[in-house]
Amino acid sequence: MRLGLLFSGGKDSTLAALLLDEFYDLTLVTAHFGVTDDWQHARDTAETLAYSFERVELDESVAHEAVEQMREDGYPRNAIQDVHVHALESVAEMDFDAVADGTRRDDRVPSVSRAQAQSLEDRHGIDYIAPLSGFGRGAVDRIVDATLDVTVGPSEQISRSDYEAELRALLGDEYGSDAIGEVFPDHEQTHVTDVRAAGDE
């Protein structure tokens, strides 16, 4: 069965790939708006990990709506949620039997409710899988620390291919660089550089 996994090159989506690889013909899919070239970071990670890779370009109007939503709210949560749902819908329209993401049990955003998952499956005739939905952040971090080589740092400094990078760029273009700090709280991001061989320290 062919599965498309929404992939940013970060620790959660990479760990999801490792868990799903045993059971599916796995393709890592990066969804982007064509605003920046940040999707290439995910492609590079996929190549390092020897996974098939595709990208899907999202409707840029969704990005502009997300920027306006963030400005109105003063925080990114609702906008990121809307973009994630749009990305899942876009991957579900590709030639896959199943779609997946790296959402964890304790993620506030993005998240996929049971009703959203069922609707996605029913409308597209696919399976939706969230392999980390039983894992909290602590469990994910411990597995990642033992399994992956990861670069960690402030969001604006880490090479990654999630929606945030392009939304930050659009927000800055439309409202100035100060607007980015007004909307996005300081937080860390991750970028996976490799999977450790068994026995590596």
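Residues numbered from 1 in each chain as written. Predicted model: local features only at pLDDT ≥ 70, side-chain atom pairs only at ≥ 80, totals over all residues. Heavy atoms only, no water.

A. Broad picture of the sheet that holds strand E3 (residues 52-57). Overall, parallel pairing links the 5 strands, which are arranged E3-E2-E1-E4-E5 in an open sheet. Edge strands, defined here as strands with exactly one partner in the open sheet, are E3 and strand E5 (127-129). Looking at each pair of strands side by side, their axes are set apart by 30° on average, direction ignored. Here strand E4 (residues 98-100) runs beside E5; their pairing, made up of 3 bridges, is parallel. In the sheet register, Ala 98 faces E5, and the bridge partner there is Asp 127. Its contacts with the sheet put helix H1 (residues 11-20) on strand E1 (2-6), strand E2 (25-32), E4 and E5, and the angle it makes with E1 is roughly 165°. (Pairing = 2+ DSSP bridges. Helix = DSSP H or I, 4+ residues; strand = E, 2+ residues; numbered from the N terminus. Axes fitted to C-alpha atoms, helices over the stretch in contact; angles between N-to-C directions. Contact = heavy atoms within 4.5 Å.)

B. Geometry of the packing of helix H4 (residues 77-92) against helix H5 (residues 114-124). At a minimum axis separation of 10 Å, H4 and H5 run at an interaxial angle of 25°. With respect to H5, the axis of H4 lies roughly parallel. Between H4 and H5 the crossing geometry is right-handed. Residues Gln 81, Val 85, Leu 88, Glu 89 and Ala 92 of H4 form the contact with H5, whose participating residues are Gln 116, Leu 120, Arg 123 and His 124. The residue makeup of the contact of H4 with H5, split by class, is 4 nonpolar, 3 polar and 2 charged. (Parallel < 35°, antiparallel > 145°, perpendicular 65-115°, else oblique. Left-handed = near helix turned anticlockwise from the far one by under 90°. Nonpolar A, V, L, I, M, F, W, Y, C, P; charged D, E, K, R; others polar.)

C. The packing of helix H3 (residues 60-73) against H4, seen in detail. Two elements in contact, H3 and H4, have axes whose closest approach is 8 Å; the angle formed by their N-to-C orientations is 160°. When the axes of H3 and H4 are compared, the pair comes out roughly antiparallel. In this structure, H3 meets H4 at a crossing whose hand is right-handed. Judged by residue contacts, Val 62, Ala 66, Gln 69, Met 70 and Asp 73 of H3 engage Asn 78, Ala 79, Val 83 and His 86 from H4. Its residues placed into classes, the contact of H3 with H4 shows 5 nonpolar, 3 polar and 1 charged.

D. Structural context of a negative patch on the surface. Taken together, the side chains of Glu 57, Asp 59, Glu 60, Glu 65 and Asp 82 present a region of like negative charge at the surface. Its location among the elements puts Glu 65 in helix H3. Taking relative accessible area as the criterion, Glu 65 reaches 53% and is therefore assigned exposed. (Patch = residues over 30% accessible without salt bridge, like charges linked within 9 Å, V, L, I, M, F, W, Y side chains within 5 Å. Areas by Shrake-Rupley, 256 points an atom, 1.4 Å probe, with all protein chains shown as cover. Salt bridge = Lys/Arg side-chain N within 4 Å of Asp/Glu carboxyl O. Lys, Arg positive; Asp, Glu negative; His and termini not counted. Charge placed at Lys NZ, Arg CZ, Asp CG, Glu CD. Buried < 20%, exposed > 50% of the residue type's maximum accessible area, 1.4 Å probe, protein only.)

These results come straight from atomic positions and should not be treated as a statement about function.
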